[in-house]
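Examination of the molecular architecture
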Amino acid sequence: MINSTLGNQEDTSLVSNAFGFLRFPLNFQPYNSDAEWVITGVPFDIATSGRAGCRHGPAAIRQISTNLAWESQRWPWNFKLTDRLNVADCGDLVFTLGDAQDMCDKLEAHIGKLLSAGKRCLTFGGDHFVTLPLLRAHAKHFGKMALVHFDAHTDTYNYGGKYDHGTMFYHAPKEGLIDPNYSVQIGIRTEHDTDNGFTVLDAAQVNDRNAEDMIEQIKSIVGDMPVYLTFDIDCLDPAFAPGTGTPVVGGLTSDRAMKLLRGLQPLNIVGMDLVEVSPAYDQSDITALAAASIALDMLYLQASKKEAK
């Protein structure tokens, strides 16, 4: 367990893993480091409504990411990530076991301190509820944001409890964190409210339409708003991501999802997360590998905006 400072209190809210994502050095003082993007794991899954187990998602993503670390640069990008971007992995958030509010408080404080130090954040869940405290921290720093959301579910439902991984984007607009009129939900294939302001690109059209046309539509909706990017791994079809708590057939291929993701390079993305990897239901680590690959492309999106160091 680390000893760093959060405000005037001793911070013991992060703990190390054996190694960081892509074998990045673990850094338990990320606030004062030269890292531009900081990875944090949030091993939380008590807000799930289906199969639990995604508390082990951050560890699974880190473990399988060693299969991606051997490449000097990731195809189809034409540069090495670390030539343009400083990335650190600061381990996993530690919170009181079973206490969802404690998780919310500690995660919001941790991310807020990183943002105040000029860092940007990529977070690994955990279930999708973790996005709500992440949005709270980002909105304090950037103001109201657009949301670009990959998922099988809109998570705009209002019949869950206070802590429920299907309610974040019902509460977030009401709290003034995101503006649905500038937000896009991609890959949806479950029932949802069609009159709440969000643009929904359902899985059927995402699978059938030209990827470039959809990218242009997303860019036109978001405009120049600061964007929070959240990727629920169940956006992918269970053939490509069986290891998740609420799988839904008829989803995206990993190829289609990454093509869309790479097209978001022009957007002003200020924060990102990847959630809902549940390794107990995975087969041959293919869900964790898809997640690690998507996370790497997320970082390449940011690096592509910069010149070589």
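Quick caveat: nothing in here was measured; it's all calculated off a predicted structure.

Below, the discussion takes up the packing of aromatic side chains. Ring pairs (aromatic) are described by centroid distance and by the angle formed between their planes. In this structure the tally under the stated criterion is nine aromatic pairs. Ring geometry for Phe-21 against Phe-124: centres 5.3 Å apart, planes inclined by 70 degrees, an arrangement best described as edge-to-face. Note that Phe-21 is positioned in the loop between β3 (14–15) and β4 (37–42) and Phe-124 in strand β6 (residues 120–125), a separation of 103 residues in sequence. Residue class for Phe-21 comes out buried when judged on its relative accessible area of 0%. In this structure Phe-124 comes out as buried when scored by relative accessible area, which is 0%. Measuring from centroid to centroid gives 5.2 Å for Phe-79 and Tyr-300, while their planes differ by 50 degrees, and the two rings are tilted. Linking Phe-79 in the loop between α1 (57–64) and β5 (87–93) with Tyr-300 in helix α8 (residues 286–303), this pair joins segments that are 221 residues apart in sequence. The same class applies to Phe-79 and to Tyr-300, which are both buried. Three or more aromatic residues link up through ring pairs in this structure, and these residues are Phe-44, Phe-95, Phe-129 and Tyr-163. The ring centre of Tyr-281 lies 3.9 Å from the NZ or CZ of Arg-51, which sits over that ring.

What follows covers the pairing of strand β7 (residues 146–150). In terms of burial, β7 is largely enclosed, as five of its five residues are buried. Residues of β7 alternate between two faces, with Ala-146, Val-148 and Phe-150 on one and Leu-147 and His-149 on the opposite face, all of them buried. Bridge analysis of β7 against strand β10 (residues 226–232) gives five bridges, and the strand direction is parallel. Of the residues in β10, the one forming a bridge with His-149 is Thr-230. Relative to strand β8 (residues 184–188), β7 runs parallel, the two sharing three bridges. Considered in β8, the bridge of Phe-150 is made with Ile-186.

Its 12 residues give helix α3 (residues 131–142) an end-to-end C-alpha distance of 15 Å, which sits within 8% of 16 Å, the value for a rise of 1.5 Å per residue. Where α3 is buried, its residues touch α2 (100–116), β6, β7, α4 (168–174), β10 and β11 (268–275). Positioned one or two residues after α3, Gly-143 has a phi angle of 80 degrees, which is positive.

To continue, consider the state of the cysteines. With the rule as written, the count across this model stands at zero disulfides. Here Cys-54 stays free of any disulfide, with the sulfur of Cys-104 as its closest cysteine sulfur at 14 Å. For Cys-54, a relative accessible area of 1% translates into the label buried. For Cys-104, a relative accessible area of 2% gives the class buried.

Annotation from UniProt places "binding site: Mn(2+) 2" (unreviewed entry) at Asp-232 and Asp-234. Relative to the helices and strands, Asp-232 resides in strand β10. For Asp-232, the contacting residues outside a window of four places in its chain are His-128, Phe-150, Asp-151, Thr-244, Val-275 and Glu-276. For Asp-232, the side chain forms a polar contact with the main-chain nitrogen of Asp-234, separated by 2.9 Å. Along the chain, the position of Asp-234 falls in the loop between β10 and α7 (254–262).

Mapped onto the elements of the fold, Lys-162 is located in the loop between β7 and α4. A residue is classified by how much of its surface remains accessible, and Lys-162, at 59% relative accessible area, is exposed. Residues Lys-162 and Gln-101 lie 61 residues apart in sequence; the distance between their C-alpha atoms is 9.7 Å. Other than its neighbours up to four places away in sequence, Lys-162 contacts Gln-101 and Phe-129. Side-chain polar atoms of Lys-162 contact the side chain of Tyr-163, separated by 3.5 Å.

In this section: the UniProt feature "binding site: Mn(2+) 1" (unreviewed entry) in the protein. Within this numbering scheme, the UniProt entry marks His-128, Asp-151, His-153 and Asp-155 as carrying the feature "binding site: Mn(2+) 1" (unreviewed entry). Of the residues just listed, which span 28 residues, no C-alpha pair is farther apart than 10.7 Å, and they cluster in one region. Looking at the element boundaries, His-128 is found in the loop between β6 and α3. Those residues within four positions of His-128 in sequence are excluded, and the remaining contacts are His-149, Asp-151, Asp-155, His-165, Met-168, Phe-169, Thr-230, Asp-232, Asp-273, Val-275 and Glu-276. For Asp-151, a relative accessible area of 0% corresponds to the buried category. In this structure the side chain of Asp-151 is engaged in a polar contact, spanning 3.0 Å, whose partner is the backbone nitrogen of His-153.

The rules behind the values
Residues numbered from 1 in each chain as written. Predicted model: local features only at pLDDT ≥ 70, side-chain atom pairs only at ≥ 80, totals over all residues. Heavy atoms only, no water. Phe/Tyr/Trp six-rings, centres within 6.5 Å; stacked < 30°, edge-to-face > 60°. Helix = DSSP H or I, 4+ residues; strand = E, 2+ residues; numbered from the N terminus. Buried < 20%, exposed > 50% of the residue type's maximum accessible area, 1.4 Å probe, protein only. Lys NZ or Arg CZ within 6 Å of the ring centre and 35° of its normal. Pairing = 2+ DSSP bridges. Expected span 1.5 Å × (residues − 1). Contact = heavy atoms within 4.5 Å. Disulfide = S-S within 2.5 Å. UniProt positions renumbered as here; feature names shortened; annotations may be inferred. Polar contact = N/O pair within 3.5 Å; in protein donor to acceptor, adjacent residues only side chain to side chain.

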